[in-house]
Amino acid sequence: MLSIRSRCWLCRQPLSLMRHGLCSCCLRHLPARPPCCPRCGLPAGETRTPCGRCLQRPPPWQRLVFVGDYVTPLSGLVKRFKFHRAPELAPALARLMLLRWQQARREQYLNRPDLILAVPLHATRCWRRGYNQSDLLARPLARWLGCAYRPAALRRVRKTALQQRLSASARRRNLQRAFACTVPVAGRHIALVDDVVTTGSTVSEIAALLRRQGAASVQIWCVCRTL
Ligand SMILES: [Zn+2]
Ligand SMILES: [Zn+2]
């Protein structure tokens, strides 16, 4: 009897390379992405230059690398990973991120980061789940790419009581102080790992913080970007 980890997470066929997590057939049949802007990751006519939105209001990061839209089967895998206590899915999802990063590096110039950071969870959420999903994705990526990884470098600073009384613009300003970075990032090329990027407000806040602290560049790496 094969253990669950030696079978494909999607079709349950036995795997020739069990560490891959998905069989080559399921990998080939992941939904194709539309052409996307290399900077914000949203659908665009051109995949080599930033879209009009990014030219007008550039996000605080340089590149966004993602595997696919938040649709089945990827969304199902992410849900199992996050909400059904399946941390053993991390290497399979991280490998999809690695393949996409390598493809982006081949097709459009992309520098190798020298420091990987993971989006932190609120301590209470991490405690309930037992793990931070972004941390579990960042670990194998750092190992495979030979990059430094600082698991506890980013932390959340809770300011929720104050938030409610603030105007919209003050709230935005206040959110910019919602995170703290405890390692020196000046002059470093950073990859910030998250599982799913939707509005991008969390990664925006952190990328802006890293740039204020002197980071040379920031790439966002995620499994899903909602399109
Ligand atoms: Zn399969
Ligand atoms: Zn864009």
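Residues numbered from 1 in each chain as written. Chains lettered and ligands numbered in written order. Predicted model: local features only at pLDDT ≥ 70, side-chain atom pairs only at ≥ 80, totals over all residues. Heavy atoms only, no water.

- If you check an unreviewed UniProt entry, the chain appears there as DNA utilization protein GntX from Serratia ureilytica.
- According to the UniProt record, the Sequence similarities (unreviewed entry) comment for the chain reads "Belongs to the ComF/GntX family." (UniProt positions renumbered as here; feature names shortened; annotations may be inferred.)

1. Section: the overall build of the chain
No. 1: In terms of helices and strands, the chain carries nine helices and seven strands.
No. 2: Burial status across the chain gives 48% buried among its 227 residues.
No. 3: A fraction of 69% describes how many contacts in the chain between residues 6 or more apart in sequence connect residues 24 or more apart.
No. 4: Carbon and sulfur atoms form 53% of the exposed surface of the chain, whose accessible area is close to 12,000 Å². (Helix = DSSP H or I, 4+ residues; strand = E, 2+ residues; numbered from the N terminus. Buried < 20%, exposed > 50% of the residue type's maximum accessible area, 1.4 Å probe, protein only. Contact = heavy atoms within 4.5 Å. Areas by Shrake-Rupley, 256 points an atom, 1.4 Å probe, with all protein chains shown as cover.)

2. Considering the coordination of the zinc ion (ligand 1)
No. 1: Taken together, Cys8 (SG), Cys11 (SG), Cys23 (SG) and Cys26 (SG) make up the protein donors of the zinc ion (ligand 1), found 2.3 Å from the metal.
No. 2: Each of the four donor atoms bound to the zinc ion (ligand 1) contributes to angles spanning 105 to 117 degrees, and the resulting shape is tetrahedral.
No. 3: When the donors of the zinc ion (ligand 1) are listed by position in the chain, the intervening gaps give C-x2-C-x11-C-x2-C. On the criterion of sequence distance, the pair formed by Cys8 in the segment before α1 (24-28) and Cys26 in helix α1 is long-range, its members being 18 residues apart. (Donors = N, O, S within 2.8 Å, 3.2 Å for Na, K, Ca; no water. Tetrahedral: all angles 85-135°; square planar, octahedral: opposite > 155°, others 65-115°.)

3. Describing the environment of Pro38
No. 1: When you line up the elements, Pro38 lands in the loop between α1 and α2 (52-56).
No. 2: The sequence separation of Pro38 and Leu64 amounts to 26 residues, and the corresponding C-alpha distance is 6.3 Å.
No. 3: With residues near it in sequence (within four places) discarded, Pro38 still touches Glu46, Thr47, Arg48, Thr49, Pro50, Gln62, Arg63, Leu64 and Gln108.

4. A word on the coordination of the zinc ion (ligand 2)
By definition of the ideal shapes, a tetrahedral metal site with four donors has angles of 109.5 degrees and an octahedral site with six donors has angles of 90 or 180 degrees.
No. 1: Note on the zinc ion (ligand 2): its protein donors are Cys37 (SG), Cys40 (SG), Cys51 (SG) and Cys54 (SG). The metal-donor distances range over 2.3 Å.
No. 2: Between the four donor atoms coordinating the zinc ion (ligand 2), the angles at the centre fall across 104 to 113 degrees, so the site counts as tetrahedral.

5. Describing the pattern of salt bridges
Where side chains of opposite charge bring their charged atoms close, a pairing between them can arise.
No. 1: For the structure on display, the rule yields three salt bridges.
No. 2: The salt bridge involving Asp195 is made with Lys82; its shortest N-O contact spans 2.9 Å. Taken as a pair, Asp195 in strand β6 (residues 189-197) and Lys82 in helix α3 (residues 74-83) lie far apart in primary sequence, 113 residues in all. For the pair shown, Asp195 and Lys82 are each scored as buried.
No. 3: A salt bridge links Arg139 to Asp135; the nearest nitrogen and oxygen atoms lie 3.1 Å apart. Residue Arg139 and its partner Asp135 are both found in helix α6 (residues 133-145); the two are separated by four residues, about one turn of the helix.
No. 4: Judged by relative accessible area, which is 39%, Arg139 ranks as partly exposed.
No. 5: The class for Asp135 is buried, based on a relative accessible area of 14%. (Salt bridge = Lys/Arg side-chain N within 4 Å of Asp/Glu carboxyl O.)

6. Here's the deal with the packing of aromatic side chains
What describes a pair of aromatic rings is the distance from one ring centre to the other and the angle between the planes of the rings.
No. 1: Evaluated as defined, the whole model comprises two aromatic pairs.
No. 2: On the basis of an interplanar angle of 55 degrees and a centroid distance of 5.8 Å, the ring pair of Trp101 and Trp221 is categorised as tilted. In this pair, Trp101 sits in helix α4 (residues 90-107) while Trp221 sits in strand β7 (residues 217-225), placing the two residues 120 residues apart along the sequence. Neither residue differs from the other here; Trp101 and Trp221 are each classed as buried.
No. 3: Directly above the ring of Phe66 sits Arg33, whose terminal nitrogen or CZ lies 4.3 Å from the centroid. (Phe/Tyr/Trp six-rings, centres within 6.5 Å; stacked < 30°, edge-to-face > 60°. Lys NZ or Arg CZ within 6 Å of the ring centre and 35° of its normal.)

7. Quick look at helix α9 (residues 201-212)
No. 1: Helix length check: α9 (12 residues) gives 16 Å between terminal C-alpha atoms against 16 Å at 1.5 Å per residue, within 8%.
No. 2: Among all positions of α9, only Val203, Glu205, Ile206, Ala207, Ala208, Leu209 and Leu210 are buried.
No. 3: Looking one or two residues beyond α9, the residue adopting positive phi is Gly214, at roughly 100 degrees. (Expected span 1.5 Å × (residues − 1).)

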